[in-house]
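# Topology and contacts: notes
For reference, the chains in residue letters:
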Amino acid sequence: MSDLFDNIEKKTNVKKEDIFKLADSVAGADFTDEKTVRRLVANVAKMANVPVPREKEDRIVEAIVNKNVPLDLSQLSKMFNQK
């Protein structure tokens, strides 16, 4: 398991400690609450040092709140990479 987080850290420059803090912060979170989801998206973007334009944030939040997030990684990747 440590190798997985080491690989994530290398690819994203996000420390595994920060990943654990994020996981703790969302445990039990209400993903149907738009404010909660927006805060999560902002935190992840900040951790990854990746700007998320408002339009993309809106699409991500809408998908999560409406439980319309694809489980297939290629579809999920397409969703995040849409302009």
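Rules and cut-offs
Sequence positions are assigned chain by chain, starting from 1 and proceeding in written order. Residues qualify for local features only when their pLDDT is at least 70, as the model is predicted, and side-chain atom pairs are given and counted only at 80 or more; totals for whole chains, interfaces and linings, by contrast, use all residues. Computation of side-chain values: all heavy atoms of the structure, hydrogens and water removed. Helix axes use the C-alpha atoms of the stretch in contact, all axes being lines fitted to C-alpha atoms, and the angles between their N-to-C directions lie in the range 0 to 180 degrees. To qualify as a helix, a DSSP run of H or I must reach at least 4 residues; to qualify as a strand, a run of E must reach at least 2; elements of each kind are numbered from the N terminus. For classification purposes, angles smaller than 35 degrees are called roughly parallel, those larger than 145 roughly antiparallel, those between 65 and 115 roughly perpendicular, and all remaining angles oblique. The criterion used for residue contact is that any of the two residues' heavy atoms lie within 4.5 Å. Only Asp, Glu, Lys and Arg are considered charged, only Ala, Val, Leu, Ile, Met, Phe, Trp, Tyr, Cys and Pro nonpolar, and every remaining residue, Gly among them, polar. Throughout, exposure labels follow a simple rule: accessible area from a 1.4 Å probe, protein chains only, divided by the maximum for the residue type, with under 20% read as buried, over 50% as exposed, and the rest as partly exposed.

### Here we look at the packing of helix H2 (residues 16-26) against helix H3 (residues 34-48)
Two elements in contact, H2 and H3, have axes whose closest approach is 11 Å; the angle formed by their N-to-C orientations is 180 degrees. Taken together, H2 and H3 sit at an angle that is classed as roughly antiparallel. For the pair formed by H2 and H3, the contact residues are Asp18, Ile19, Leu22 and Val26 on the first element and Leu40, Asn43, Val44 and Met47 on the second. Among the residues forming the contact of H2 with H3, the class breakdown is six nonpolar, one polar and one charged.

### Details of the side chain of Arg38
Summarising the element assignment, Arg38 is placed in helix H3. When its relative accessible area of 17% is taken as the criterion, Arg38 is described as buried. Apart from residues no more than four positions distant in its own chain, Arg38 is found in contact with Arg54, Glu57, Asp58 and Val61.

### Regarding unusual backbone geometry
Here Asn49, not a glycine, exhibits a phi torsion of approximately 55 degrees, which is positive. Inspection of the secondary structure assignment puts Asn49 in the loop between H3 and helix H4 (54-65). Since its relative accessible area comes to 68%, Asn49 is described here as exposed. Although it is not a glycine, Lys67 sits at a positive phi angle of roughly 55 degrees. With respect to the helices and strands, the residue Lys67 is situated in the loop between H4 and helix H5 (73-81). Note on Lys67: relative accessible area 70%, which makes it exposed.

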